[in-house]
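# Topology and contacts: notes
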Amino acid sequence: MVSRAVGSVCAPAAALGRGALWAAAWGVLLLTGAAEAEHGRKKVVHVLEGESGSVVVQTAPGQVVSHRGGTIVLPCRYHYEAAAHGHDSVRLKWTKVVDPLAFADVFVALGAQHRAFGSYRGRAELQGDGPGDASLVLRNVTLQDYGRYECEVTNELEDDTGMVKLDLEGVVFPYHPRGGRYRLTFTEAQRACAEQDGILASAEQLHAAWRDGLDWCNAGWLRDGSVQYPVSQPREPCGGLGGAGSAGAGGGASGGVRNYGYRQNAEELYDAFCFTSNLPGRVFFLKPLRPVPFAGAARACAARGAAVAKVGQLFAAWKLQLLDRCTAGWLADGSARYPIVNPRARCGGRRPGVRSLGFPDATRRLFGVYCYRAPGAPDPAPGGWGWGWAGGGGWAGGARDPAAWTPLRV
């Protein structure tokens, strides 16, 4: 039998009646669950050998896969000897594993009383497909929902648990800020990914991206605090030709995922590997009558009911919406990039990917812009449009300041 307790709750359990014990536990959970969900907590797992509980929990093997904005069922069913007790006496609890011994509360149910916690409020509910079904329905899936979940079923003092892994369809992309490579602490890497519409990638996601051909010769943070980088084409400057340090299948000439291990000093500086998933809106390229400096990019997108696209949004559009454009454009972080689905020689090489021109001079370099329009946002200028001055006039040989341009219908 496996039982869980926090502090010394288990010690006086035998002295209480079963009904009083669970009534008290339920009241404490309702009062303190929200705070625990906000800050996380540590679980102490007690294993009692030689005993077997009457509760048996079954979850789906492997993993379930969804995408951002989707609806997914985390499967969990249980069976127990119900001769003496009804299902109303069974407590169902879902938690998310946020650290090897840290869990965040997601959802709990005892009879007719149900409660979701934190960001899961309004999105999580029991499937309720007959007796013995503890499956959790999760709506409007977010990037932060990625990870492992524990389904715990407790019948008074007997319990059992099962684990479900939620994976997301998406794309991993390397990232560093304008300041250059190897400038991010772990915390800064988390923030940088969030600012570019992503989260830090997991080691599993990076390994899958390597199998899909990702080749990047700069080490970056992952969400577990490790530092790694994928090499599909082995070469001496990128960890040698394989062998030690290559986590990829095959090693040797096939490359691999080079691993610096878990960095104990979170102030060390590296790049970041970010992950993003399905876009709820659309990314499109906007080419004004004349290319614009970075300061004009936001106005250009705003004229079409959109905002300048983030790096993660462009990667998602390339990978999941097959956006292919052989023209560089501004992005929200001040970089200039363009997505290539069908490689051709004049568009940066023979492999698909998002090409980067780095961070050009924001005032002197002129490009188009990649815009992102959220779902349901109307296009205020469905016809032609261009740049000009509200008072009229033309380019006048460059005498007017391009920073003063405003979008006009043409």
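Anything mentioned here points back to the structure above.
Read on for an overview of the structure. (Residues numbered from 1 in each chain as written. Predicted model: local features only at pLDDT ≥ 70, side-chain atom pairs only at ≥ 80, totals over all residues. Heavy atoms only, no water.)

## Examining the overall build of the protein chain
Helix and strand counts for the protein chain stand at 5 helices and 28 strands. The burial tally for the protein chain puts 46% of its 410 residues in the buried class. For the protein chain, contacts bridging at least 24 residues in sequence account for 64% of all contacts bridging at least 6. As presented, the protein chain carries roughly 19600 Å² of accessible surface, and 55% of it is formed by carbon and sulfur atoms. (Helix = DSSP H or I, 4+ residues; strand = E, 2+ residues; numbered from the N terminus. Buried < 20%, exposed > 50% of the residue type's maximum accessible area, 1.4 Å probe, protein only. Contact = heavy atoms within 4.5 Å. Areas by Shrake-Rupley, 256 points an atom, 1.4 Å probe, with all protein chains shown as cover.)

## Focus: the packing of aromatic side chains
Tallied over the full model, the rule gives 11 aromatic pairs. The interplanar angle of 20° and the centroid separation of 5.0 Å between the aromatic rings of Phe 173 and Phe 315 together place this pair among those described as stacked. Residue Phe 173 is found in strand E15 (residues 170-175), and its partner Phe 315 is found in helix H5 (residues 311-320); the two are separated by 142 residues along the sequence. Residue Phe 173 shares its accessibility class with Phe 315, and that shared class is buried. Among the aromatic residues, ring-to-ring pairing joins Tyr 182, Phe 186, Trp 221, Tyr 229, Tyr 260 and Tyr 270 into one connected group. (Phe/Tyr/Trp six-rings, centres within 6.5 Å; stacked < 30°, edge-to-face > 60°.)

## Looking at a nonpolar patch on the surface
Together, Tyr 182, Tyr 260 and Leu 269 make up a nonpolar patch on the protein surface, roughly 260 Å² of accessible area in all. Take Leu 269: it is sitting in the loop between strand E19 (256-262) and strand E20 (271-277). A relative accessible area of 41% means that Leu 269 is categorised as partly exposed. (Patch = residues over 30% accessible without salt bridge, like charges linked within 9 Å, V, L, I, M, F, W, Y side chains within 5 Å. Salt bridge = Lys/Arg side-chain N within 4 Å of Asp/Glu carboxyl O.)

## With respect to the pattern of salt bridges
With the rule as written, the count across this model stands at 12 salt bridges. Notably, a salt bridge pairs Lys 93 with Asp 105, separated by 3.5 Å at the nearest N-O pair. With Lys 93 in strand E8 (residues 90-99) and Asp 105 in strand E9 (residues 102-110), the pair connects residues that are 12 residues apart, well separated along the chain. Comparing Lys 93 with Asp 105, the two get one shared label, buried. Here Arg 337 and Asp 333 are joined by a salt bridge, their closest N and O atoms 3.9 Å apart.

## Some remarks on the sheet that holds strand E6 (residues 72-74)
Pairing is antiparallel in the open sheet, where 3 strands are placed in the order E6-E12-E11. Two strands close off the open sheet at either side, each with one partner strand: E6 and strand E11 (124-126). Neighbouring strand axes in the sheet, compared pairwise and without regard to direction, differ in orientation by 30° on average. When E6 meets strand E12 (residues 136-138), the two strands line up antiparallel, connected through 3 bridges. Bridge pairing in E12 places Leu 74 opposite Leu 136. (Pairing = 2+ DSSP bridges. Axes fitted to C-alpha atoms, helices over the stretch in contact; angles between N-to-C directions.)

## Thoughts on the pairing of strand E10 (residues 113-116)
Across 4 bridges, the pairing between E9 and E10 is antiparallel. By the bridge assignment, Ala 109 is partnered in E10 with His 114. Hairpin connection from E9 to E10: 2 residues lie between these consecutive antiparallel strands, with Gly 111 at a positive phi of about 65°.

## Digging into the state of the cysteines
All told, the structure shown has 5 disulfides when counted by the stated rule. In this model Cys 193 forms its disulfide with Cys 274; the gap between the sulfur atoms is 2.0 Å. When the S-S torsion is -80°, as for the bridge of Cys 193 with Cys 274, the disulfide is left-handed. Here Cys 193 is found in helix H2 (residues 186-195), whereas its partner Cys 274 is found in strand E20, with 81 residues between them in sequence. (Disulfide = S-S within 2.5 Å.)

## Looking at the nonpolar core
Membership of the largest hydrophobic core comes to 92 residues, with the highest contact counts inside it found for Leu 74, Trp 94, Phe 107, Val 153, Val 283, Val 369 and Tyr 370. Sort the elements by how many residues they give to this core and H5 lands first, with 6 residues. (Core = buried A, V, L, I, M, F, W, Y, C linked by side-chain atoms within 4.5 Å.)

## Here we look at the side chain of Ser 335
Among the secondary structure elements, Ser 335 is positioned in the loop between strand E23 (329-330) and strand E24 (336-340). Ser 335 sits in the buried class, given a relative accessible area of 0%. Of note is the side chain of Ser 335, whose polar atom sits 2.6 Å from the side chain of Asp 333. Setting aside anything within four residues of it in sequence, one finds Ser 335 in contact with Val 311, Gly 329, Trp 330, Gly 358, Phe 359 and Pro 360. (Polar contact = N/O pair within 3.5 Å; in protein donor to acceptor, adjacent residues only side chain to side chain.)

## Let's talk about helix H3 (residues 203-211)
Taken together, the buried positions of H3 are occupied by Gln 205, Leu 206, Ala 209 and Trp 210. In an axial view of H3, the angular spread of the buried residues amounts to 140°, which keeps them on one side of the axis. Packing partners of the buried residues in H3 comprise strand E14 (158-168), E15, strand E18 (226-231), E19 and E20. Taken from the residues just after H3, Gly 213 is the one with a positive phi, measuring 110°. (Arc of directions from axis to C-beta.)

## Here we look at the environment of Arg 123
Relative to the assigned elements, Arg 123 resides in the loop between E10 and E11. Residue Arg 123 is classed as buried on the basis of its relative accessible area of 10%. The spacing of Arg 123 and Val 137 is 14 residues in sequence and 7.9 Å in space, taken between C-alpha atoms. Residues contacting Arg 123, with those up to four places away along its chain left out, are Val 137, Leu 138, Arg 139, Asn 140, Val 141, Thr 142 and Asp 145.

## Structural notes on unusual backbone geometry
Phi is positive for Tyr 182, which is not a glycine, with a value near 55°. Considering the arrangement of structural elements, one finds Tyr 182 in the loop between E15 and H2. Residue classification places Tyr 182 among the partly exposed residues on the basis of a relative accessible area of 32%. The phi angle at Asp 197 is positive, at roughly 65°, despite the residue not being glycine. Residue classification places Asp 197 among the buried residues on the basis of a relative accessible area of 16%.

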